Amino acid sequence: MGKKKIFPDTGFRPDRYMRRLHVNRKYKDRLFCILFGQDRDALLQLYNALNGSAYTDPSRLTVITLDNIIYMKMVNDLAFMVVGTLNLYEHQSTYNPNMPLRFLLYIAEEYDRIIHGQDANLYGEKLVTLPTPQCVVFYNGDRETADEELLRLSDAFQNKDVQTDLELTVHLRNINLGHNQSLMDGCPKLREYACLIGRVKENLADGRTVKASVEEAVNYCLDRGILTDFLTENRSGVLGMLRLLTEYDEKKHIRLLKRDAREEGMLQERAAMILELLSRYGDVPTELQTAITDQSDLPTLREWSRIATGCGSIDAFVEQTGIEISRQ
């Protein structure tokens, strides 16, 4: 008996599928999630490659992403339990430094579900045991990153002088072609996925249309035995998904570039205003000029401009803002 197609030919409408995907945030599904979320062998292989383990029985793995989609307020890409670990995997094409905070919310939701499922007594003398969390982001965006980066929740904490009692670490793994070779070798499906997406990117960089880029990439992979079974059985669905996701990401990318340009302009305008105000009190030290122009937080610059308006001197401005510069 052949495998059931993930995208049945009858009634499949990529436009409707993608409209649901972007409108209903409780239903988040992408090619990466389908490849591994629908294939427990591949998911266990990915876990083994990440952790240096050699488990072979996929029945020990419990996927919880889709089963709890109605219950969970925060929805992540892939969540599963295996050998006492709660594994939260996210696929990202845009670098996001806020992933530790998002994972914290995911974990809190899932632990809440586990505690209610066990009818555990949080106020009793018996320790409530929990699966060990592992948080991984699989990144294939265009920003240059190392093979592996650690994102920490504490990076977002405002007061760096206080020792934190809370930390959460996220392992970001670059899955673009040419990165994390040992991980790719340990999980062939991940390598094949990287080949497919890498080919789409190459075609787009060569100036091809989105449609032509996707179709050529799928044909390229089929000719070379890459994701053959999956692409053969689900070709029309994959083509539709890749086209729409690529077009969506392209429009989103342009929108973000415009937003970033606006924000950059506002930052520069505010910094220039502060320097002009401070120039009334004398020559502004180069180090202070650099600190002001390098500041990327707009609310901070607004506060500095308020201080600069009535501080009376450059020294008073430095003291009130807390900007550290060397004293000559």
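Let me begin by describing the structure that accompanies this report. None of these values were measured; they are calculated from a predicted model. (Residues numbered from 1 in each chain as written. Predicted model: local features only at pLDDT ≥ 70, side-chain atom pairs only at ≥ 80, totals over all residues. Heavy atoms only, no water.)

Moving on, we get to the packing of helix α11 (residues 298-310) against helix α12 (residues 314-321). Here α11 crosses α12 at 145 degrees, and the two axes come no closer than 9 Å. Remark: the crossing between α11 and α12 carries right-handed chirality. Note on element contacts: α12 touches α11 through Phe317, Gln320 and Thr321, opposite Trp304, Ile307 and Ala308. Considered class by class, the residues forming the contact of α11 with α12 number 4 nonpolar, 2 polar and no charged. (Axes fitted to C-alpha atoms, helices over the stretch in contact; angles between N-to-C directions. Helix = DSSP H or I, 4+ residues; strand = E, 2+ residues; numbered from the N terminus. Left-handed = near helix turned anticlockwise from the far one by under 90°. Contact = heavy atoms within 4.5 Å. Nonpolar A, V, L, I, M, F, W, Y, C, P; charged D, E, K, R; others polar.)

Once that is clear, we can look at the environment of tryptophan 304. For tryptophan 304, the position within the fold is in helix α11. Residue classification places tryptophan 304 among the buried residues on the basis of a relative accessible area of 9%. Each C-alpha atom, one on tryptophan 304 and one on valine 318, is 9.6 Å from the other, the two residues being 14 residues apart in sequence. The contacts of tryptophan 304, once residues within four sequence positions are left out, are Ile274, Ala291, Ile292, Gln295, Phe317, Thr321 and Ile323. (Buried < 20%, exposed > 50% of the residue type's maximum accessible area, 1.4 Å probe, protein only.)

Let us look at the pattern of salt bridges. On inspection of all chains with the given rule, the structure shows 9 salt bridges. One salt bridge in this structure joins aspartate 185 and arginine 191, with 3.9 Å as the shortest N-O distance. Given the relative accessible area of 47%, aspartate 185 is considered partly exposed. Exposure remark for arginine 191: the relative accessible area of 30% places this residue in the partly exposed category. (Salt bridge = Lys/Arg side-chain N within 4 Å of Asp/Glu carboxyl O.)

Pairing is mixed in the open sheet, where 6 strands are placed in the order β1-β2-β3-β4-β6-β5. Of all strands in the sheet, those with a lone pairing partner are β1 (62-63) and β5 (148-152), marking the two edges. Two elements, strand β2 (residues 78-82) and strand β3 (residues 85-92), share 5 bridges in a ladder whose sense is antiparallel. Paired with methionine 81 across the two strands is leucine 86, which belongs to β3. (Pairing = 2+ DSSP bridges.)

Once that is clear, we can look at helix α6 (residues 188-205). Residues three or four positions apart in an α-helix share a direction because the helix packs 3.6 residues into each turn. Here α6 spans 25 Å end to end across 18 residues, near enough to the 26 Å set by a 1.5 Å rise per residue. Listed as buried for α6 are Lys189, Leu190, Tyr193, Ala194, Leu196, Ile197, Gly198, Arg199, Val200 and Asn203. (Expected span 1.5 Å × (residues − 1).)

Let us now look at the packing of α6 against helix α7 (residues 210-223). Relative orientation of the contacting elements α6 and α7 amounts to 140 degrees, with a least axis distance of 8 Å. When the axis of α6 is compared with that of α7, the two are oblique. Judged by the twist between their axes, the crossing of α6 over α7 is right-handed. In this structure, α6 contributes Leu196, Arg199, Val200, Asn203 and Leu204 to the contact, and α7 contributes Val210, Ser213, Val214, Glu216, Ala217, Val218, Tyr220 and Cys221. (Parallel < 35°, antiparallel > 145°, perpendicular 65-115°, else oblique.)

With that settled, the discussion passes to unusual backbone geometry. Not every positive phi belongs to a glycine, and valine 83 is a case in point at roughly 40 degrees. For valine 83, the location among the structural elements is in the loop between β2 and β3. In this structure, aspartate 119 takes a positive phi of about 55 degrees despite not being glycine. Residue placement: aspartate 119 occurs in the loop between α4 (99-118) and β4 (132-139).

Take it as geometry only, folks, not as evidence of what the structure does.
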